[in-house]
Amino acid sequence: MSKLSRFAGIALACTAATLASFTSTAAIAAQKVCVFDILGTSGDAYNLAKDYTVAMNKQGVSLELKAYSNEAVAVDEFRAGQCDALLATAFRTRQFNGVAGAIDTLGATTIVKGGKIDMAASYDVVRKVVQTYAAPQGAKFMNEGHYEIGGIFPFGAAYPVVSDRGINTVEALAGKKIAAFDYDKAQALMIQRVGAQPISADITNFATKFNNGSVDMIAAPSLAYKPLELSKGIGTKGGIARFPLMILTYQLVLNKPKFPAGFGEKSRGYWVGEFDRAMGMIKNADAGIPAATWVELAPENANKYNLMLRESRIEIANKGIYDKQGLRVIKRVRCTVNPSDAECSTPSEEG
């Protein structure tokens with residue numbers, strides 16, 4: 001063998017070794033996921049995310065979780081490229097995909113039948129919307145720019161939590177102070193619409209403001225009752241009205257170029273399979289609230305308030321805050337779950 005041949009052989013061997021090393025490193029490099037959970041690594045959302053990483057590892061994608069108890073910081077770091085994916089509430093993820101974020105809008109998934117809130121049917125609306133977006137034909141709605149929604153799961157209905165059970169009608173809200181997340185403009189608009197006063201808050205301090213008496217009302221899911229010690233603000237005079245202002249969801253946002261082709265669809269399919277597990281957590285949290293804490297709504301008010309939320313939702317959508325395409329999808333689902341509702345024969349959100 002000539003010297004030239006030996007040199008060429010050595011060069012090829014070195015190149016092959018380098019490529020093999022690069023390929024191996026790329027294969028094990030983990031994509032970072034910013035996970036918001038107000039309880040950090042001990043919370044329900046983080047625990048769900050841990051199981052997700054195990055499942056996705058079997059799909060050949062390695063994920064590394066980073067917990068945040070401050071949602072704003074999690075979003076900022078995701079935007080800055082410190083994380084390749086973000087798991088947070090739809091209030092924050094709506095900026096990356098308005099269609100998916102429309103699930104968490106005033107009364108969008110609430111079903112009223114015979115003057116009563118039908119929670120089973122309401123959660124069924126959420127389930128069917130999530131299934132719609134997880135199906136292959138729903139992928140077009142889940143992509144916006146280089147962001148893709150990689151999964152959605154319910155976190156429970158947002159109920160009115162009041163410091164005084166006397167605040168049991170919309171009329172009684174006049175002049176009252178209600179916490180409004182300053183990054184969700186719809187909340188302040190709705191609060192002003194009923195004659196109440198919006199008090200700026202965020203997910204890290206709204207419960208504290210309620211517990212120390214700075215606000216008369218907040219909206220929160222039952223999963224927040226124990227961790228945020230809402231019983232302190234409720235005391236002996238307050239309560240939780242059994243009327244869902246909306247059903248909250250967590251949503252996973254992917255920086256699409258950072259993941260293999262087709263990963264988003266697999267990821268959405270995984271989270272559809274976790275829907276019942278999330279519902280189990282919600283039902284347990286509902287059952288953990290003392291029966292005497294709940295305030296039942298009069299039948300005439302259930303219909304009236306649901307209509308009020310619908311009118312507010314449409315008005316807010318016309319201001320460009322809610323995504324109309326997302327609302328149209330949800331309305332179609334609502335009308336498959338409750339076809340007798342009068343809204344199913346009117347255009348409303350179709351505009």
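If you're wondering where the values come from, they're calculated on a predicted model, not measured in any experiment.

So, the state of the cysteines
Within this structure, the stated rule accounts for 2 disulfides. Cys 34 shares a disulfide with Cys 83; S-S distance 2.0 Å. Measuring handedness by torsion sign, the sulfur bridge of Cys 34 and Cys 83 sits at about 90° and is right-handed. In this pair, Cys 34 is assigned in strand S1 (residues 31–36) and Cys 83 in the loop between helix H3 (71–79) and strand S3 (85–89), connecting sequence segments 49 residues apart. The buried category is assigned to Cys 34, whose relative accessible area is 0%. Take Cys 83: its relative accessible area is 1%, and that puts it in the buried class. In this model, Cys 335 is linked to Cys 344 through a disulfide, with the two sulfur atoms separated by 2.1 Å.

Overview of the nonpolar core
In a soluble, globular protein the nonpolar side chains are often hidden away together inside. Membership of the largest hydrophobic core comes to 116 residues, with the highest contact counts inside it found for Leu 86, Tyr 133, Phe 206 and Ile 218. Broken down by element, the residue count for this core peaks at 10 residues, all from strand S7 (residues 147–162). Other than its neighbours up to four places away in sequence, Tyr 133 contacts Val 99, Ala 100, Ile 103, Gly 138, Ala 139, Phe 141, Met 142, Ile 152, Arg 268, Gly 326 and Val 329.

Side note on the packing of aromatic side chains
Inspection of every chain in the model, using the stated rule, returns 17 aromatic pairs. Centre to centre, the rings of Phe 78 and Phe 96 are 5.3 Å apart; their planes meet at 80°, and the pair counts as edge-to-face. Pair noted here: Phe 78 is in helix H3 and Phe 96 is in the loop between helix H4 (90–93) and helix H5 (98–101), with a separation of 18 residues, a long-range link. The burial state of Phe 78 is the same as that of Phe 96; both residues are buried. Relative to Trp 271, the ring of Tyr 270 has its centre 5.3 Å away and its plane inclined at 85°; by these criteria the two rings are edge-to-face. Note on accessibility: Tyr 270 and Trp 271 belong to one class, buried. One aromatic cluster in this structure is built from Phe 36, Tyr 52, Phe 153, Phe 155, Tyr 250, Tyr 270 and Trp 271. A cation over an aromatic ring shows up here: Arg 92 above the ring of Tyr 183, its NZ or CZ 3.4 Å from the ring centre.

Points about the pairing of strand S2 (residues 63–68)
The pairing of S1 with S2 spans 6 bridges and is parallel. Residue pairing across strands places Val 35 opposite Ala 67, the latter belonging to S2.

Examining helix H13 (residues 299–318)
The first and last C-alpha atoms of H13 sit 29 Å apart over 20 residues, in line with the 28 Å expected at 1.5 Å per residue. Asn 301, Ala 302, Tyr 305, Asn 306, Met 308, Leu 309, Arg 310, Ser 312, Arg 313, Ile 316 and Ala 317 are the residues of H13 that are buried. Where H13 is buried, its residues contact strand S4 (112–113), strand S5 (116–117), helix H8 (185–193) and helix H14 (324–337). Positive phi appears at Gly 320, one or two residues downstream of H13, with a value of about 85°.

Observations regarding the side chain of Asp 37
Within the element layout of this structure, Asp 37 appears in the loop between S1 and helix H2 (44–58). This buried residue, Asp 37, is left without a salt bridge; Lys 50 holds the nearest opposite charge, at 10 Å. A polar atom in the side chain of Asp 37 sits 3.0 Å from the backbone nitrogen of Tyr 46. Those residues in contact with Asp 37 that sit more than four places away from it in its chain are Gly 43, Asp 44, Ala 45, Tyr 46, Tyr 68, Ser 69 and Tyr 250.

As for the side chain of Asp 84
Along the polypeptide, Asp 84 turns up in the loop between H3 and S3. Buried and unpaired, Asp 84 has no salt bridge, with Lys 258 as the nearest side chain of opposite charge at 4.4 Å. Beyond its immediate chain neighbours, meaning those up to four positions away, Asp 84 contacts Gln 31, Lys 32, Phe 78, Val 253, Leu 254, Asn 255, Lys 258 and Phe 259.

Rules used in this analysis
- Residues numbered from 1 in each chain as written.
- Predicted model: local features only at pLDDT ≥ 70, side-chain atom pairs only at ≥ 80, totals over all residues.
- Heavy atoms only, no water.
- Disulfide = S-S within 2.5 Å.
- Helix = DSSP H or I, 4+ residues; strand = E, 2+ residues; numbered from the N terminus.
- Buried < 20%, exposed > 50% of the residue type's maximum accessible area, 1.4 Å probe, protein only.
- Core = buried A, V, L, I, M, F, W, Y, C linked by side-chain atoms within 4.5 Å.
- Contact = heavy atoms within 4.5 Å.
- Phe/Tyr/Trp six-rings, centres within 6.5 Å; stacked < 30°, edge-to-face > 60°.
- Lys NZ or Arg CZ within 6 Å of the ring centre and 35° of its normal.
- Pairing = 2+ DSSP bridges.
- Expected span 1.5 Å × (residues − 1).
- Lys, Arg positive; Asp, Glu negative; His and termini not counted.
- Salt bridge = Lys/Arg side-chain N within 4 Å of Asp/Glu carboxyl O.
- Polar contact = N/O pair within 3.5 Å; in protein donor to acceptor, adjacent residues only side chain to side chain.

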